[in-house]
Amino acid sequence: MENHSKNLQRINEMIRVPQVRVISNEGEQLGVMPTSEALNKARDLDLDLVEVAPDAKPPVCKIMNYGKFKYQQRKKDSKQQAVKGRLKELRMRPKTGEADIMVKVNKGREFLTKKDKVLVSINFRGREAAHVGEGMKLMEFVIEQLADVAKVEAPPKQMGKKISCTLAPK
């Protein structure tokens with residue numbers, strides 16, 4: 001419910017309650033007043049009256065530039081999503097050469113230090129599927145190499161012609 005009211009924030013004429021507690025654009029308390037009076041104060045300053053705490057009694061409204069406020073909210077939200085980290089994939093095959101494996105391991109280390117999760121997948125083609133043991137050995141080797149910067153989030157499991165495992169940054 002809380003997220004719902006955040007998206008449908010009431011401003012200016014959309015605020016239909018008789019009285020509101022008002023905070024000025026400088027952040028000082030102006031006290032409880034009729035909504036119409038608060039709206040006039042906001043208009044005099046060429047700003048908007050924005051409901052910031054709809055659940056309070058009476059609701060708390062702030063005089064502010066709504067466009068600028070929305071812009072800053074979007075910026076803050078996108079920053080939070082960027083911090084969460086993305087999922088990067090390292091793909092290998094059982095026949096991948098040792099030097100190439102080390103290149104992949106180093107790339108995985110780079111992703112993990114940047115707080116991204118890493119999905120290590122080993123794909124089998126044709127008759128390689130008969131040698132799942134080789135793929136598991138390779139997976140264990142990669143996990144061992146990245147143990148200092150990663151923890152296993154989802155242990156290695158086989159799904160068809162693929163073994164995959166998710167590593168998260170420590």
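In short, a report on the structure. (Residues numbered from 1 in each chain as written. Predicted model: local features only at pLDDT ≥ 70, side-chain atom pairs only at ≥ 80, totals over all residues. Heavy atoms only, no water.)

## As for the overall build of the protein
So, step 1. What the protein contains, in helices and strands, is five helices and eight strands.
So, step 2. Along its sequence from the N terminus, the protein presents helices and strands in the succession α-β-β-α-β-β-α-β-α-β-α-β-β.
So, step 3. On the principal axes, the C-alpha backbone points of the protein span a range of 80 × 25 × 20 Å.
So, step 4. When contacts within the protein are restricted to residue pairs at least 6 apart in sequence, those whose partners lie at least 24 apart make up 54%.
So, step 5. Entry remark: accessible area of the protein is about 11200 Å², with carbon and sulfur atoms responsible for 51%.
So, step 6. Of the charged side chains in the protein, 34 are positive and 22 negative; the average position of the first set lies 5 Å away from that of the second. (Helix = DSSP H or I, 4+ residues; strand = E, 2+ residues; numbered from the N terminus. Contact = heavy atoms within 4.5 Å. Areas by Shrake-Rupley, 256 points an atom, 1.4 Å probe, with all protein chains shown as cover. Lys, Arg positive; Asp, Glu negative; His and termini not counted. Charge placed at Lys NZ, Arg CZ, Asp CG, Glu CD.)

## Describing the pattern of salt bridges
So, step 1. One pass over the structure, following the stated rule, counts 11 salt bridges.
So, step 2. Between Glu89 and Arg91 there is a salt bridge whose closest N-O contact spans 3.2 Å.
So, step 3. Arg91 gets classed as exposed once you look at its relative accessible area, which sits at 53%.
So, step 4. Among the ionic pairs, Asp148 bridges to Arg109, the shortest N-O distance being 2.9 Å. Of this pair, Asp148 sits in the loop between helix 5 (132-145) and strand 7 (150-159) while Arg109 is found in helix 4 (residues 98-113), placing the two residues 39 residues apart along the sequence.
So, step 5. Residues joined in a network through salt bridges with shared partners are Glu89, Arg91 and Lys162. (Salt bridge = Lys/Arg side-chain N within 4 Å of Asp/Glu carboxyl O. Buried < 20%, exposed > 50% of the residue type's maximum accessible area, 1.4 Å probe, protein only.)

## Looking at the nonpolar core
So, step 1. In terms of nonpolar packing, the biggest core is built from 20 residues, with Met92, Val120, Met139, Val142, Leu146 and Leu167 touching the most fellow members.
So, step 2. If you look at the next biggest cluster of nonpolar residues, it comprises 11 residues, including Ile15, Ala38, Leu39 and Leu49. (Core = buried A, V, L, I, M, F, W, Y, C linked by side-chain atoms within 4.5 Å.)

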